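# Descriptive analysis of the structure
One letter stands for each residue in the lines below.
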Amino acid sequence: SDAVAGVVNFVLDKDFTGFKLDLAGGVTTYGDAPNVKGSVTWGRPFAAGRGHVLLSAEAAYSDNIDRLPRDWYRGSNQIFNPAYTATNGQPQIIVRENVGYTTAAPGSIVTTGPLRGLYFGPGGTPQQLNYGSIVSDPYMVGGDWRTTDFASNTEDLTPTSSRQSAFGRISYDVADNLNIFAQFSYSRSNVEHMGVTEYRFGGLTIQRDNAFLPASVVSQMQSLNLTSLPIGTLNEGLGRIPFESTRELYRYGIGANGHFNAFNTEWSWDAFLNRNVSDIFQTTTTSITANYMRAIDAVVGPNGTIVCRSSLTDPNNGCAPLNILGTGVASPAGVNYVLGTPTLNNRFVQDEFAAQVNGEPFSVPAGPVSISAGIEHRREKSSGESDPLSLVNSYFVGNFKPIFGSYNVTEGFLETVVPLAADLPWAQALDLNAAIRVTDYSTSGVVTTWKVGATWTPIDDLMFRATRSRDIRAGNLSDLFQPGATRTITVNDPAQNDRSYTIVTSTVGNTSIDPEKADSFNIGVVMRPRFLPGLTGAIDYWDVEVEDAIASLSAPNLLNLCYVGGNSDVCQYIHRNAGGDITQITLMPINLASQTARGVDLEASYTLPLYTISESLGDGRLTFRAMATRYLENTTVSGVVGSIPTSSLGSGTPEWRYRFDATYANGPFSGTLSARGISDGVLSAQYIECTTGCPVSTTNNRTIDNNHVEGALYFDTAFSYKATENVELFLVVDNILN
């Protein structure tokens, strides 16, 4: 009931006997992202087969893809159309390639005023930016776009990752009807990612007496009577922002299972007790905001050396000047003074007890009725620590904060399958399945979930199935107790004519949220036509409607609701300074009104024995399999003033997602060719696409000249060859057409 993104069932081979080794390695066609993976498993019975021990370990490593070394990168972006007015019929947003920034450059750029476009290049050399064909701050099209584009020159395309795991299990039959076991597992994952540089799209001021300003620029400022320059920068001198996250999980478990006789039938049972401990360590290197602002305000001191202006009145403050007016000009001392290391250590502990019993207590004319019942209790707790500066939001990014909080959950469930008909002229089989679960959360009270379904096989060729269920998801530790995670983003401020600039958001928990409730309906048919052996097909329609969905409104949504939608309640989360600029937006999880997703799943497979084509082909086979999902709806309605529901697909959801596999297997060899793809889509379902005669653009429904996103089709291959009875070789190539 607490699944967020779905559930994966792991089936453990508890009786595995022998030794197994898997080794794999790979690399991209560009020679980057090399990866390697290995695993080993060993199992053996003991005590004349009453006991069994199982051990396994695995390690994997994948290197990063640095920046964007791919020829498909075009610098595409959405920008506001500078020629747009509410009455000229032009779209408000235009989509273009070769888009760079006008308000930030690697070595700083003047953003406004008579020296606008003056940027500082290698060694601090002043240069004038070529703005290209279209200028719409903070973007431009063409010109020197590569000079100010940082997406292609900073962030890793993929991170460096490694993981290790170990597992052990021992079991013993104490009696013929009682088995006890203990198991332990450990896993560790580490991710290292080089992010973007410290972008500041304007908002900085350089005084005319700054010691790092070239004399030619100072002269220009004097002639223009300018006392300062407004600048933006990508802070090339500080380097890219590295991020590292390490997660370790320790899982301890003991349990027992067995069987007994009751009601003249045999029952099985199992029970277990787990403790799961997750340790999360996160760190980055980024600027300390106060140090940065002091360091870039550099002047010539009384003795002729360059010092921080603040050091003139506080000589012992330790400030080291930082030159951001150019590339390759930052001193190590200035960089070291500015940069800090936010850190976080967070521990999550889960204690879990569960027990269940399964049996067939009685029969009806169509067969035995099966029942499963059980109880479960979980306790979740989080605690941790972070560095003092993070606690008071002193860094450009990072500002990690530990989560402190706890809750417990007690559940009980009952599930049954009842055969209603069997071996009748109108029904080979008709079965009813039903379940109910009562869950008590210490944070939000009691909720009840249930499902009822049926399967009907009128003839051997067809089986119909349907399920109706009520499901829930309660807020997790982060949803409930997040203390204020901060990040830096860029927004278009509707209160300032959609001016774009950088702000800080802070995400906090909300202990008042209720569990979200979903009503799900599924109906489908499975076909196995006897006239065509080897063919199987299935069609299923699904519909999921979520009420009180737990989600956080984004910063742009909050701005829209406050200034366009007229919802004054959310304006309290938008904080501004005396000049009217946003300094911070506070985000928190809330219960939205509804989410709806509907679609159809289709699947078909066909296996053709090769001897049916020719006996000379032997016992091999050809297998064809196709799977597809047709999305009919995917919408979210926030339920607050200013929100507009949409009946079309939301952003990021294609109408079709599909996969086709063709496999040839004969003797020791097998090979598979796969095709996987998605259909065309849109940038946003709320955009209105037009090029001329456009309606008036609104914040909820902006007009755009190209809302189209191309679909994609990828081909993969996989081959395997059983060299000996105990050795198998394989080769896999993903995305063979690049």
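This text gives an overview of the structure that appears in the document. (Residues numbered from 1 in each chain as written. Predicted model: local features only at pLDDT ≥ 70, side-chain atom pairs only at ≥ 80, totals over all residues. Heavy atoms only, no water.)

### Quick notes on the nonpolar core
Judged by nonpolar contacts, the single largest core of 28 residues is most densely connected at Leu213, Leu229, Ile231, Tyr292, Leu322, Ile324 and Leu325. Going through the elements one at a time, β8 (118-120), β14 (200-207), α2 (215-223), β15 (228-233), α3 (289-296) and α5 (332-338) are the ones with two or more residues in this core. Residues contacting Tyr292, with those up to four places away along its chain left out, are Arg200, Leu204, Thr233, Asn235, Leu238, Ser287, Leu322, Ile324 and Val338. Grouped together as the second largest cluster of nonpolar side chains are 19 residues, Val491, Ile503, Ala549 and Ile585 included. (Core = buried A, V, L, I, M, F, W, Y, C linked by side-chain atoms within 4.5 Å. Buried < 20%, exposed > 50% of the residue type's maximum accessible area, 1.4 Å probe, protein only. Helix = DSSP H or I, 4+ residues; strand = E, 2+ residues; numbered from the N terminus. Contact = heavy atoms within 4.5 Å.)

### Notes on the pattern of salt bridges
As enumerated under the stated definition, the model contains 29 salt bridges in all. Between Glu198 and Arg200 there is a salt bridge; the shortest N-O distance is 3.9 Å. Pair check on accessibility: Glu198 and Arg200 agree, each one buried. Salt-bridge contacts for Arg598 lead to Glu633; the nearest nitrogen and oxygen are separated by 2.9 Å. In this pair, Arg598 sits in strand β34 (residues 589-609) while Glu633 sits in strand β35 (residues 621-637), placing the two residues 35 residues apart along the sequence. Judged by relative accessible area, Arg598 falls into the partly exposed class, the value being 23%. (Salt bridge = Lys/Arg side-chain N within 4 Å of Asp/Glu carboxyl O.)

### Quick look at the state of the cysteines
Applying the stated rule across the entire model yields three disulfides. Across the disulfide from Cys562 sits Cys571; the S-S distance is 1.9 Å. Measuring handedness by torsion sign, the sulfur bridge of Cys562 and Cys571 sits at about 110° and is right-handed. The exposure class assigned to Cys562 is buried, which follows from its relative accessible area of 10%. (Disulfide = S-S within 2.5 Å.)

### Quick notes on the pairing of strand β22 (residues 343-364)
Across 16 bridges, strand β17 (residues 265-284) lies against β22 in antiparallel orientation. Among the inter-strand pairings, Ser268 is bridged to a residue of β22, identified as Asn358. Direction of pairing for β22 relative to strand β23 (residues 367-386): antiparallel, over a ladder of 19 bridges. Residue Ala355 lies in a different strand from β23, and its bridge partner there is Ile375. Count of turn residues in the β22/β23 antiparallel hairpin: two residues. (Pairing = 2+ DSSP bridges.)

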